[in-house]
Amino acid sequence: ELKEIVFIIQSQSNSFHSKRAEDLKRDILKQAADLGKELPAVLLIHQISRHEGAWTILPLMRDLSVTYGGNSSWIFFCEEDTRIQVVKLLETLGRFDTSKEWFLGKALYDEESTIIHHYAFAENPTIFKFPDFSAGWALSIPLVNKLAKKLKSEPLKSDFTIDLKHEIALYIWQKGDGPHLTPVPEFCTDDANSYKVNHCATTFSSFLPLCGEPVKKEDVFVAVKTCRKFHGDRIPIVKQTWEREAALIEYYSDYADISIPTIDLGVPNTDRGHCGKTFAILERFLNQSSSRIPWLVVVDDDTLISISRLRKLLSCYDPNEPVFLGERYGYGLGTGGYSYITGGGGMVFSRIAVQKLLASKCRCYSMDAPDDMVLGMCFSGLGIPITHSPLFHQARPMDYPKDYLSHQIPVSFHKHWNIDPVKVYFTWLAPNMEDSLQGKKAGYNREDL
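Residues numbered from 1 in each chain as written. Predicted model: local features only at pLDDT ≥ 70, side-chain atom pairs only at ≥ 80, totals over all residues. Heavy atoms only, no water.

A. Local environment of the layout of surface pockets. Its volume calculated, the largest pocket comes out at about 910 Å³. When contributions to the lining of the largest pocket are tallied by element, the ones reaching two or more residues are α3 (61–68), β9 (160–161) and α6 (164–173). It is α6 that provides the largest number of residues to the lining of the largest pocket, a total of seven residues. Taken together, the residues of the lining of the largest pocket sort by class into 15 nonpolar, 11 polar and six charged. Shared between two domains, the lining of the largest pocket takes at least three residues from each, and those domains are domain 1 (2–204) and domain 2 (217–429). (1 Å grid on protein atoms, 1.4 Å probe; cavity = no way out; pocket = protein on both sides within 12 Å on 5 of 7 lines; lining within 4 Å. Points joined across faces, edges and corners; volume = space filled by probe spheres on them. Helix = DSSP H or I, 4+ residues; strand = E, 2+ residues; numbered from the N terminus. Nonpolar A, V, L, I, M, F, W, Y, C, P; charged D, E, K, R; others polar. Domains from an automatic or database assignment.)

Quick look at the structure:
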C-alpha cells in the first residue's frame, strides 16, 4: 500500500531549494490523490529535524524507527530534482519481501580507489556498490529498525562526512554483516523526456538550474588564493583556462608579483590551513570592493571552475539572503558538530553572508587553521545554514563514478595531481559546452579522464 511508504526528500532550508522540495512533495501527494489512495507521509529533511547533521540521514534512524517502525514498510529517500512515478514505484517495491532487510538503489561504484573514499577496497574498488541518491533509494523497515538499534550502541566511526552515499553504504554493509546494496533497474537517472525511461519508477532532470538571466559578470568577484611557490605552475593554468570568464578577479599571495599581478595580504603562507588568508580576503571584499557587488567566490589556485555556469546557478539564489554555497562536507555531525563548504571546489558567499560573519567576531583560532572548517563553524554558530550544490567538486573527475557525473553539468573540479588540468577544463567546464555535456563527447574524450 502507498501509505506504507514514507517519502523523505533530501531538502535544504535555502529558499530556492525548499521551494523545489515543496514542489516535489505536492507532486507526490497529487499522484497519490489521483490514485484514490490514502496519502503517504512526505517529509522534508530540513523541516523534520533541527539536528545540524540531519542531511547525513543516519542520525534520523532512531526517530524514523520509533515513528514509522510499526506501521510502514519502506523509507524512500530522494533528492529535490528526483521525479517519481508513484504507480511504478509501488510495483517495483512490491517485488520485495518487506519482512526482510533491503537496501535498494541505483548502483554506483569506483573504477579505481579514490581519496574521497579513503582508498576503500583498493584491491578491487568496483566490488563495492553505493546508491546514486539522484535516482532515489529505499530502506525496508526491518533494516531501519536494525540501524536504529545499532546506532545506539555503535555510533559512527569517522568524524568526517565527505561522500555521504558511500559512507551510508559502508555503515549498512557492516563489513559484510549487513546487506549489500541491491541494484534496482527501475531507479533511473535518465531525463524524464528520454526514450529510455518507459520502465523507470524514478527519473532525474539533469540540468544546470537557471532562474532568469544569468547573474552579470560584474556581479561576481573572484578571489584566488595562491602563494609564491605556485606562481610559476598553477597561475598560468588559471590564465589559460577560466580567468577570461571572470570580469573581476584578484590573486592573493604572500608575495606581490606584478607580472600576474598578485596582492600581498601581509599574511605569511602556511603549510596547513589558510584561515588567516581567507579572513583577510573577506575583510578586503567588504571594505575595498564596490558595495554593489553581491557575490564573492573564493577558490584555490588549483581549482578549475566555470564562471559562466556559476553565473547561471547564482540566478537561482537571492543575494539578499545570507548564502554560503558549494560542496558540503561535515565534521562531528554524529555528536553535534557542523557542516562546512569544502574550499577546493570553490566557496561562494553573498555579500550579506560576509557582513554577518565579520560582524559576529567569529575568527580563526589560529592563522593556519583550516579556513573552510572555521567558516562552517562560524556560520553554524550564527544559525546560517550552508547551501550544498553537487555541481562543485573537491576532487578530480576521475575521483567520481562516470555514471554519477553523466547526469551533471559541473561547475568546478579541484587539484592538478596526475591529470592535465587544461584538458580537464576544456573537456568538462569550458563555456558553451552544455549541449555536448548532455551525453555527446566534447573536445576531448571524457572517458579518458
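B. Region of the structure containing the side chain of Asp 81. Structurally, Asp 81 is set in the loop between β3 (74–78) and β4 (82–84). Only 2.7 Å separates the side chain of Asp 81 from the side chain of Arg 20, close enough to count as a polar contact. Each residue touching Asp 81, except ones within four places of it in the same chain, is listed here: Arg 20, Thr 203, Phe 204, Ser 205 and Phe 207. (Polar contact = N/O pair within 3.5 Å; in protein donor to acceptor, adjacent residues only side chain to side chain. Contact = heavy atoms within 4.5 Å.)

C. Quick look at the packing of aromatic side chains. Per the stated rule, a full pass over the model turns up 22 aromatic pairs. Between Phe 96 and Trp 102, the ring centres sit 4.9 Å apart and the planes meet at 70 degrees, which makes this aromatic pair edge-to-face. Members of the aromatic cluster, joined through ring pairs, are Phe 160, Tyr 329, Tyr 331, Tyr 338 and Tyr 340. The ring centre of Phe 285 lies 4.2 Å from the NZ or CZ of Arg 351, which sits over that ring. (Phe/Tyr/Trp six-rings, centres within 6.5 Å; stacked < 30°, edge-to-face > 60°. Lys NZ or Arg CZ within 6 Å of the ring centre and 35° of its normal.)

D. Focus on the UniProt feature "domain: Fringe-like glycosyltransferase" (unreviewed entry) in the protein. Mapped onto the present numbering, the UniProt feature "domain: Fringe-like glycosyltransferase" (unreviewed entry) falls on residues 71–150 and 214–424. The distance separating the terminal C-alpha atoms of residues 71–150 is 21 Å; by composition the span is 22% helix and 24% strand. Across residues 214–424, the secondary structure splits into 27% helix and 21% strand, with the terminal C-alpha atoms separated by 24 Å. (UniProt positions renumbered as here; feature names shortened; annotations may be inferred.)

E. Examining the environment of Asn 418 more closely. Looking at the element boundaries, Asn 418 is found in the loop between β22 (412–414) and α13 (421–428). Here the alpha-carbon distance between Asn 418 and Lys 25, two residues 393 residues apart in the chain, equals 43 Å.

F. Summary view of the pairing of strand β2 (residues 41–44). Relative to β2, strand β1 (residues 5–9) is paired through four bridges, and the arrangement is parallel. Within β2, the residue paired with Ile 8 across the bridge is Leu 43. (Pairing = 2+ DSSP bridges.)

G. Inspection of the side chain of Ser 389 at higher detail. Relative to the elements of secondary structure, Ser 389 occurs in the loop between β21 (387–388) and α12 (402–405). Taking relative accessible area as the criterion, Ser 389 reaches 4% and is therefore assigned buried. Apart from the residues within four sequence positions on either side, Ser 389 is in contact with Leu 313, Leu 325, Gly 326 and Glu 327. (Buried < 20%, exposed > 50% of the residue type's maximum accessible area, 1.4 Å probe, protein only.)

H. Expanded view of the nonpolar core. Grouped together as the largest cluster of nonpolar side chains are 84 residues, with contacts concentrated most on Met 61 and Leu 139. Here this core gathers at least three residues from each of two domains, domain 1 (2–204) and domain 2 (217–429). Those residues within four positions of Met 61 in sequence are excluded, and the remaining contacts are Phe 77, Leu 139, Val 144, Leu 147, Ala 148 and Leu 151. The next biggest cluster of nonpolar side chains, apart from the first, holds 28 residues, and it includes Tyr 252, Ile 281, Leu 282 and Cys 378. (Core = buried A, V, L, I, M, F, W, Y, C linked by side-chain atoms within 4.5 Å.)

I. Layout of the state of the cysteines. Enumeration according to the criterion identifies four disulfides in this entry. Shown here is the disulfide that connects Cys 211 with Cys 316, its sulfur atoms set 2.1 Å apart. Judged by the sign of its S-S torsion, about 90 degrees, the cystine formed by Cys 211 and Cys 316 is right-handed. Residue Cys 211 is found in the loop between β11 (202–204) and β12 (220–225), and its partner Cys 316 is found in the loop between α9 (307–314) and β17 (324–326); the two are separated by 105 residues along the sequence. Disulfide partner of Cys 362: Cys 378, at an S-S distance of 2.1 Å. Its S-S torsion of about -80 degrees marks the bond between Cys 362 and Cys 378 as left-handed, since a negative value means left-handed. Separated by 16 residues along the polypeptide, Cys 362 in the loop between α10 (351–359) and α11 (371–382) and Cys 378 in helix α11 bring together distant segments of the chain. The class of Cys 362 is partly exposed, set by a relative accessible area of 26%. On the basis of relative accessible area, Cys 378 is assigned to the buried category, the value being 2%. When the cysteines of the protein that form disulfides are numbered from the N-terminus onward, they connect as 1-2, 3-5, 4-7, 6-8. No disulfide involves Cys 78; its sulfur sits 14 Å from that of Cys 188, the nearest cysteine. (Disulfide = S-S within 2.5 Å.)

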